[in-house]
Amino acid sequence: MEEKKVMLRLIKGDLYKLKTDAVVIPVAEDAQLHENEQVILLTGKTETAGEFRGAKGDELTLYNLPAMKSPRVIFLGLGKKDKIDSESLRVLCGKAVKKCIKSSLKNILIAAPSSGKLGMEIKEVLEPMLEGAFLGNHIFDKYKGEKKNKPLEKVDFFSEQKVMINFSGLLSQVETVCNGTILAREWVSTPSNCKKPEQFAKNIASIAKKGSLIIKIFDEKKLERLGFGAMLAVAAGSHSKPRLLILEYAPKGAKKTVSIVGKGITFDSGGINLKPPGSLEDMKMDMSGAAAVAATLISAAKMKPKVGIIGVIPIVENMPSGEAARPGDIVTGYNGKTIEINNTDAEGRLILADAISYVLKEYRPDILIDVATLTGACVVALGEKIAGLFSPDDELAEKIIQSAKKTGERCWRMPLPEDYRELLKSEFADISNMSSSKWGGAITAALFLSEFIKDTRWAHIDIAGPAYTKKETDYCGAGGTGFGVRLLCDLIQKL
Ligand code: BES
Ligand code: ZN
Ligand code: ZN
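From a predicted model like this one, the values you see are computed outputs, not experimental measurements. (Residues numbered from 1 in each chain as written. Chains lettered and ligands numbered in written order. Predicted model: local features only at pLDDT ≥ 70, side-chain atom pairs only at ≥ 80, totals over all residues. Heavy atoms only, no water.)

## Concerning the coordination of the zinc ion (ligand 2)
The following threshold applies: Keep in mind that water is not among the atoms, so a site may look incomplete; donors are the N, O and S atoms within 2.8 Å of the metal, or 3.2 Å for Na, K and Ca. Donor angles set the geometry label: tetrahedral for four donors if every angle is between 85 and 135 degrees, square planar for four and octahedral for six if opposite donors exceed 155 degrees and the others are between 65 and 115, irregular for anything else. Put simply, DSSP marks the helices as runs of H or I at least four residues long and the strands as runs of E at least two long, and each gets a number from the N terminus on. Throughout, exposure labels follow a simple rule: accessible area from a 1.4 Å probe, protein chains only, divided by the maximum for the residue type, with under 20% read as buried, over 50% as exposed, and the rest as partly exposed.
The coordination sphere of the zinc ion (ligand 2) contains the protein donors Asp268 (OD), Asp345 (O), Asp345 (OD) and Glu347 (OE), at a distance range of 2.0 to 2.2 Å. Geometry at the zinc ion (ligand 2) is irregular, judged from its six donor atoms and the angles of 72 to 169° they form at the metal. In the primary sequence, the donor residues of the zinc ion (ligand 2) line up as D-x76-D-x1-E. The zinc ion (ligand 3) is placed at 3.2 Å from the zinc ion (ligand 2), the two being bridged by aspartate 268. Of this pair, aspartate 268 sits in strand β10 (residues 264–268) while aspartate 345 sits in the loop between β13 (338–341) and α11 (348–363), placing them 77 residues apart in sequence. On the basis of relative accessibility, which here comes to 24%, the residue aspartate 345 falls in the partly exposed class.

Below is the structure:
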């Protein structure tokens, strides 16, 4: 997986004379969003076309307007001005790019609305627009013989002089973070036969080594020597051997260290508790947490935040076989706790427990955040677009919620009720990996992880819903969404 080329620019000039395949103008239903005279003049042309009101989803293309060099002007509706937020701008640019890709265009120009008119900061307007365009331009067609659609070569953003001077740094920041998101998307969309643990770990390492990251890979022998009993139990059923990947970003003078841990199940069959048909098909995505963590470190190494970051990525394939762990097996985790495996499909918490115990002991981070496609129950609770956030730490949870709002990678805080802990009691071992109740599965999974945390500041983000999409959305194609990369990159800069 290679990183993609640069394609965003901020430009100004005479809109009528600019050479581009299409000029895209966002329009509100009830207000003028632009300050530029030429753009205002053009939006006036929509009034004669009765079918365009600027309502959300409205589209109008005018061809070969007099004196206009660009052959097309595309108007896209944003709805009511007061309802416009960063996500609607992200969506609009994603849609614009996708529409133009389908028309086989190469270069487009999007007129950015005036921040003053929107009552937002310039950065609040530009950043999501750049993101929507960059992310909407990604096409995962590596496994297609015929590449039907080609990404745009260039997207220009038309705005004022002061924007161009002050926000050139924003461009490279957006490109770095969105390239990370795309990297994660591609890893997630890659089929499981092409990302067996060893291969996936090597692939991450080969990209990570281009940045200033310290990279360690533990193979199965080392994991055995070190006592990763829970992780090895999950790996036991597969011919593909497990790997633990550690990516470290250690800037000089860092006052804080945050560890991010990502679930990396390259395929989750459920193991001996085999998943039924219908639940198996998309389980190549069960390494989305790992992808988000790896891509965040690769992006962070370029953005150079002040905090130290330790990415911990346990990578395992969960398969049934004669060697596989059985329901009822008892294993000893890295921290010495015994775990009764009452359901081999609750494997994510097992590999995370060992990864968490290891990083706490060896690195003593100030904060630990894990990201995992952990439970179907979380998707039942919050649907496919919102992640579950679990943390006993109000301040940390609030920071994550703020980053979620800013990036559009939504998180909803969930409870960690003390009295539910007893649902994880085992008759024979220190803890069971399976709740004795069939309800509240996302909560009991989070409580299981909390048993391995001790007193470190911690948050768990269950991304089982938003990590993957079966159908394309406004700025994402079908497959991995890269959820978590933009969220974590934003958060890290605030810690
Ligand atoms: N990988 C799944 C969770 C999942 C479900 C991710 C749907 C994405 C979409 C996880 O390992 C799992 O199987 N969890 C079980 C836990 C249960 C056995 C306690 C679940 O959610 O059913
Ligand atoms: Zn599972
Ligand atoms: Zn799983």
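## Observations concerning the sheet that holds strand β4 (residues 72–79)
Our working rule: Any two strands with at least two DSSP-identified bridges between them are counted as paired. Simply put, an axis is a line fit to the C-alpha atoms, just over the touching stretch for a helix, and the angle between two N-to-C directions goes from 0 to 180 degrees.
Reading across from one edge, β1-β6-β5-β2-β4-β3 is the order of the six strands in this open sheet, with mixed pairing throughout. Each having just a single partner strand, β1 (8–11) and β3 (59–63) make up the two edges of the open sheet. Pairwise comparison of adjacent strand axes, ignoring direction, gives a mean angle of 25° for this sheet. Of the strand pairs in this sheet, β1 and strand β6 (residues 154–158) are connected by four bridges, and their pairing is parallel.

## Digging into the domain arrangement of the protein
This is how the line gets drawn: Domain start and end points were adopted from an automatic or database domain assignment. Residue contacts are defined here by distance: any two heavy atoms, one from each residue, within 4.5 Å place the two residues in contact. Here the quantity called buried area is the total loss of accessible area, with a 1.4 Å probe, experienced by two parts when brought into contact, counted for both. A carboxyl oxygen of Asp or Glu within 4 Å of a side-chain nitrogen of Lys or Arg is what we treat as a salt bridge.
Assigned domains of the protein: these are domain 1 (7–167) and domain 2 (177–494). Distance between the C-alpha centres of domain 1 and domain 2: 37 Å. Contacts between the two partners involve 19 residues from domain 1 and, on the opposite side, 21 residues from domain 2. Overall, the association of domain 1 and domain 2 removes approximately 1,700 Å² of surface from exposure, summing both partners, and the carbon and sulfur fraction of that is 57%. Looking only at domain 1, the three residues that lose the most surface to domain 2 are Leu135, His138 and Phe140, adding up to 36% of its buried area. The interface formed by domain 1 and domain 2 includes four salt bridges.

## A look at the site of ligand 1
Note the following rule: Distances are taken per atom, and a residue is near a molecule or strand as soon as one of its heavy atoms is within 4 Å of it. Pairs of N or O atoms are called polar contacts if they sit within 3.5 Å, as long as, within protein, a hydrogen donor faces a hydrogen acceptor (for residues adjacent in sequence, only side-chain-to-side-chain pairs). Calculation of accessible area relied on Shrake-Rupley with a 1.4 Å probe; when residues are assessed, cover is drawn exclusively from the protein chains displayed.
In the vicinity of ligand 1, 16 residues are found, and the nearest of them are Asp268, Lys275, Asp286, Asp345 and Gly376. Between ligand 1 and the protein, one listed contact pairs an oxygen atom with a backbone N or O atom of glycine 376 at 2.6 Å. If ligand 1 stood free it would expose 520 Å²; the protein chains cover 78% of that surface.

## Digging into the sheet that holds strand β17 (residues 431–432)
Here three strands make up an open sheet; going across it, the order is β12-β13-β17 and the pairing mixed. The open sheet has two edge strands with one neighbour each: β12 (329–332) and β17. Taken together, the four bridges between β12 and β13 define a ladder with antiparallel strand orientation. Across the sheet, residue isoleucine 330 finds its bridge partner in β13, namely glutamate 340.

## Remarks on the nonpolar core
We count it as follows: The definition of a nonpolar core used throughout is a set of buried Ala, Val, Leu, Ile, Met, Phe, Trp, Tyr and Cys residues joined through side-chain atoms within 4.5 Å.
If you look at the biggest cluster of nonpolar residues, it comprises 57 residues, and the most contacted ones within it are Trp187, Val258, Ile309, Ile369 and Ile461. Of all hydrophobic cores here, the second largest spans 51 residues; its members include Leu350, Leu368, Leu382 and Ile453.

## Remarks on the environment of leucine 280
Take leucine 280: it is sitting in the loop between β10 and α10 (288–303). Judged by its relative accessible area of 22%, leucine 280 is partly exposed. Placed 105 residues apart in sequence, leucine 280 and glutamate 175 show a C-alpha to C-alpha distance of 34 Å. With residues up to four places along the chain from it excluded, the contact list for leucine 280 reads Phe267, Asp268, Ser269 and Lys275.

## Some words on the side chain of aspartate 58
The condition is simple: Positive: Lys, Arg. Negative: Asp, Glu. His and the chain ends are not part of the count.
You can see aspartate 58 is positioned in the loop between α1 (37–44) and β3. Within the buried set, aspartate 58 has no salt-bridge partner at all; the shortest N-O distance to an opposite charge, 4.8 Å, is to arginine 53. Residue contacts for aspartate 58: discarding those within four places in its chain leaves Glu51, Phe52, Arg53, Phe75, Leu76 and Gly77.

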